[in-house]
Amino acid sequence: IGRAGFHLHNLFARGPRDPSLFVAEVQRHAVRFAAGALAPRVPELRYQLRRRGMHAAMLPEVLAMCAAACEEPPASQALAAAWAMLQRRVVDLPDPALRRQAAVLTAAAHALSGLQVHVVALSDESARRTARAMQQPMAALGMNVGCVTAAMDPVAKREAYHASVVCAAYREIGNDYLRDRLMLGARRRRIHSALERV
């Protein structure tokens, strides 16, 4: 029954939209933002994203704004990859530069919607490189980037975790999360956590 359901789903499910059409739409929006209309549009777009969520109809304009904030225009493969990741798909790109561009675009789009973003890297050095690549685009969109490494003292780590986008090695995020849970112990405040999420 499960196998039959899988084949029926694949037969009748609507396939993903052609990425080249989406990239062309993003590039059309990006021309408008490149003409100097980036800053006035940011608050309005952030409001729409927080009110409606990451709606599919808004994705071209959101990614165009993120692309316009970058120092150099992102490659079409990076735009297509960011679009797929924003739809909760898994993407594998062979080129590290393209991977970084796609990560910057995806993180910026999520941060614009009001989410605090954690970019998980393999090592401290990789986290630093990613944070450096994100500094300029995030500043142009009115957001900041934090980088958490093993050598930082607790106060500096706390400040870094308050940034809109946090870059850190998976080991550091795991250790900090476990340390926080141990410190809270049985005093985990469900109402406080719920209010924090709201």
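All chains use their own residue numbering, which begins from 1 and follows the written sequence. Reporting in this predicted model follows two pLDDT cut-offs: at least 70 for local features of residues, and 80 or more for side-chain atom pairs to be given and counted; totals over whole chains, interfaces and linings ignore these cut-offs and use all residues. Just so you know, side-chain values use all the structure's heavy atoms and leave hydrogens and water out.

K.L.:
Explain helix 6 (residues 124–140) to me, please; I cannot follow it from the model alone.
P.N.:
Structurally, the α-helix is built with 3.6 residues per turn, so residues lying three or four positions apart point the same way. Across its 17 residues, helix 6 extends 25 Å between first and last C-alpha, which sits within 8% of the 24 Å expected from 1.5 Å per residue. Given a residue, its bend is the angle between the two axes fitted to the seven residues that end at it and to the seven that start from it. Runs of H or I in DSSP of at least four residues are treated as helices and runs of E of at least two as strands, each being numbered from the N terminus. At Met134, helix 6 shows its strongest bend, of approximately 35 degrees, with the proline Pro137 following within four residues. Elements that come into contact with the buried residues of helix 6 comprise helix 3 (59–69), helix 5 (96–112), strand 1 (117–121), strand 2 (145–148), strand 3 (165–169) and helix 8 (170–184). A positive backbone phi angle near 80 degrees is found at Gly142, which sits one or two residues after helix 6. An expected span of 1.5 Å times one less than the residue number is assigned to each helix. Whether two residues touch is decided by their heavy atoms; if any such pair falls within 4.5 Å, the residues are in contact.

K.L.:
So what exactly am I meant to see when it comes to a nonpolar patch on the surface here?
P.N.:
Together, Val120, Leu122 and Tyr170 give the surface a local cluster of nonpolar side chains, amounting to about 360 Å² of exposed area. By the secondary structure assignment, Leu122 is in the loop between strand 1 and helix 6. Among the residues examined, Leu122 registers a relative accessible area of 70% and is labelled exposed. Patch definition: residues above 30% relative accessible area lacking any salt bridge, with like charges linked at up to 9 Å and the nonpolar side chains Val, Leu, Ile, Met, Phe, Trp and Tyr linked at up to 5 Å. What sets the accessible areas is the Shrake-Rupley method with a 1.4 Å probe; for residues, cover comes only from the shown protein chains. When a carboxyl oxygen of Asp or Glu lies within 4 Å of a side-chain nitrogen of Lys or Arg, that pair is called a salt bridge. Here the term buried applies to any residue with accessible area under 20% of the maximum for its type, exposed to any over 50%, and partly exposed to those in between, with areas from a 1.4 Å probe on protein chains only.

K.L.:
How do you make sense of the pairing of strand 1 when you look at a structure like this?
P.N.:
The side chains of a regular strand alternate between both faces of the sheet. Burial of the side chains of strand 1 is restricted to one face: Val117, Val119 and Ala121 are buried, whereas none of His118 and Val120 on the reverse face is. Strands pair, by our definition, only if DSSP identifies at least two bridges between them. By the bridge criterion, five bridges tie strand 1 to strand 3 in an arrangement that is parallel. In the strand pairing of strand 3, Val120 is matched with Ala168.

K.L.:
Before we go on, may I ask you to explain the nonpolar core in this structure?
P.N.:
In globular proteins that are soluble, nonpolar side chains generally tend to be buried together. Here, the term nonpolar core denotes a set of buried Ala, Val, Leu, Ile, Met, Phe, Trp, Tyr and Cys residues that are joined through side-chain atoms within 4.5 Å. In this structure, Leu105, Leu112, Met134, Leu141 and Val165 are the most contacted members of the largest nonpolar core, which totals 47 residues. Of all the secondary structure elements, the ones that give two or more residues to this core are helix 2 (19–52), helix 3, helix 4 (76–86), helix 5, strand 1, helix 6 and strand 3. Of the residues forming this core, the biggest block, nine residues, is contributed by helix 5. In contact with Met134, other than residues within four places in its own chain, are Ala103, Val104, Ala107, Val119, Val145, Val165 and Cys167.

K.L.:
Can you help me understand the packing of aromatic side chains in this one?
P.N.:
Describing an aromatic ring pair means giving the distance of the ring centres and the angle of the ring planes. Stacked, tilted and edge-to-face pairs are distinguished by plane angle, under 30 degrees for stacked and over 60 for edge-to-face with tilted covering the rest, among Phe, Tyr and Trp rings (Trp via its six-membered ring) whose centres lie within 6.5 Å. All told, the structure shown has one aromatic pair when counted by the stated rule. Aromatic side chains Phe22 and Trp83 sit 5.0 Å apart centroid to centroid with 20 degrees between the ring planes, which places their arrangement in the stacked category. Separated by 61 residues along the polypeptide, Phe22 in helix 2 and Trp83 in helix 4 bring together distant segments of the chain. Of the residues examined, Phe22 reaches a relative accessible area of 0% and is grouped as buried.

K.L.:
Help me understand the sheet that holds strand 2, please; the structure alone is not making it clear to me.
P.N.:
Strand pairing in a sheet relies on backbone hydrogen bonds. The paired strands run either parallel or antiparallel. As summarised here, the arrangement of the three strands in space is 1-3-2, forming an open sheet in which the pairing is parallel. In this open sheet, the two strands that pair with only one neighbour each are strand 1 and strand 2. Within this sheet the neighbouring strands show an average axis-to-axis angle of 20 degrees, counted without direction. Bridge count for strand 2 against strand 3 is four bridges, and the pairing is parallel. In the sheet register, Gly146 faces strand 3, and the bridge partner there is Val166. Along the sheet, helix 8 makes contact with strand 1, strand 2 and strand 3, crossing strand 3 at roughly 100 degrees. Axis angles are defined between N-to-C directions and span 0 to 180 degrees, where every axis is a line fitted to C-alpha atoms and, for a helix, only to the segment in contact.

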